[in-house]
Amino acid sequence: KQRDGNANWVFIKPAATNESPEAEAETETETEPKTRTEFPLVIQKAQLENVRLTYRSAGKPDQVARLDALTITPGKAGLLGLEGRGKFDDYPISLQGEAGPVESLLAARDIHMNLKGTHGRLGLDIDGSFGVLDPLDGANLKIKATGEDVGAMLSRFNLPVFATGALAVDLQLTDGDKDTGF
């Protein structure tokens with residue numbers, strides 16, 4: 001939200017076109033997915049450079065993400081190829097890998113991913129899939145996180161420092177009998 005309390009992003013239906021109602025309905029049926037999330041936005045191909053995003057929350061310092069470069073390309077099996085670098089606040093970030101397919105991203109279901117990223121000296125690798133995003137269900141994910149100093153990382157995220165030293169996490173998140181678990 002902005003400092004005045006208004007939303008930064010407002011999504012509305014597009015303004016009416018000059019098409020007849022029948023032609024408009026036919027176009028919607030042909031292009032609209034059968035399921036969609038509350039945030040129906042997936043960018044299938046893009047190249048962005050020098051983008052700055054600012055997140056504002058009342059009473060808190062702004063958080064600034066700068067994308068030096070981000071490339072999104074169609075890939076194999078309907079997955080989207082991702083490659084990017086930039087900074088989040090003062091820490092370098094990078095991302096590369098793939099996620100999708102596009103229809104699954106729109107529906108927030110049956111998503112496959114193989115992503116590698118960094119945030120400062122924190123490294124994160126995610127490989128696998130999940131069936132439903134919210135609530136998380138049908139997960140089969142391998143997650144690896146590495147870092148030189150967990151205490152510095154927790155401080156960076158404004159979290160309580162409950163441990164210090166090197167970080168090495170290697171876990172498999174899978175579907176259990178009733179709920180997804182570790």
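These numbers come from a predicted model, not from an experiment.

Rules used throughout
- Residues numbered from 1 in each chain as written.
- Predicted model: local features only at pLDDT ≥ 70, side-chain atom pairs only at ≥ 80, totals over all residues.
- Heavy atoms only, no water.
- Helix = DSSP H or I, 4+ residues; strand = E, 2+ residues; numbered from the N terminus.
- Contact = heavy atoms within 4.5 Å.
- pLDDT = per-residue confidence, 0-100.
- Salt bridge = Lys/Arg side-chain N within 4 Å of Asp/Glu carboxyl O.
- Buried < 20%, exposed > 50% of the residue type's maximum accessible area, 1.4 Å probe, protein only.
- Core = buried A, V, L, I, M, F, W, Y, C linked by side-chain atoms within 4.5 Å.
- Pairing = 2+ DSSP bridges.

Draft legend 1. Just the environment of Lys 87, in detail. Within the secondary structure, Lys 87 sits in strand 3 (residues 80-88). When the C-alpha positions of Lys 87 and Asp 68 are compared, they lie 7.8 Å apart, and in sequence the two are 19 residues distant. Contacts of Lys 87, omitting those with residues within four sequence positions, involve Val 64, Ala 65, Arg 66, Pro 92 and Ile 93.

Draft legend 2. Looking closely at the confidence of the model for the protein chain. Summarising the model, the protein chain shows a mean pLDDT of 80, and 75% of its residues fall at 70 or more. Scored below 50 in pLDDT, residues 12-17 shows 1 contact in the model against residues more than four places distant or in partner chains. Across residues 24-37, where pLDDT falls below 50, the model places 11 contacts with residues more than four positions away in sequence or in other chains.

Draft legend 3. Region of the structure containing the pattern of salt bridges. Counted under the stated rule, the structure contains 5 salt bridges. Across the salt bridge formed by Asp 62 and Arg 56, the nearest N and O atoms sit 3.2 Å from each other. Taking relative accessible area as the criterion, Asp 62 reaches 28% and is therefore assigned partly exposed. Between Asp 125 and Lys 116 there is a salt bridge whose closest N-O contact spans 3.6 Å. Using a relative accessible area of 42% as the deciding quantity, one classes Lys 116 as partly exposed. Several salt bridges converge on common partners, so that one network encompasses Arg 66, Asp 68 and Arg 85.

Draft legend 4. Looking closely at the nonpolar core. With 16 residues, the main nonpolar core has Ile 72, Leu 82, Met 113, Phe 130 and Leu 141 as its most contacted residues. Elements that contribute at least two residues to this core include exactly strand 2 (63-74), strand 3, helix 2 (102-107), strand 5 (109-119) and strand 7 (140-147). Discounting chain neighbours no more than four positions away, the residues touching Leu 141 are Met 113, Ile 126, Asp 127, Gly 128, Ser 129, Phe 130, Leu 171, Gln 172 and Leu 173. Leu 122, Ala 145, Met 153 and Leu 167 belong to the second-largest nonpolar core, a separate cluster that totals 6 residues.

Draft legend 5. Molecular detail of the pairing of strand 2. Direction of pairing for strand 1 (residues 46-55) relative to strand 2: antiparallel, over a ladder of 9 bridges. Across the sheet, Thr 54 pairs through a bridge with Val 64, a residue of strand 2. Alignment of strand 2 against strand 3, held across 9 bridges, turns out to be antiparallel. Counterpart to Pro 74 in the pairing with strand 3 is Leu 80.

Draft legend 6. View of the side chain of Ser 129. Position of Ser 129 among the secondary structure elements: in strand 6 (residues 122-132). The contact partners of Ser 129, leaving out residues within four places of it in the chain, are Ile 111, His 112, Gly 138, Ala 139, Asn 140 and Leu 141.

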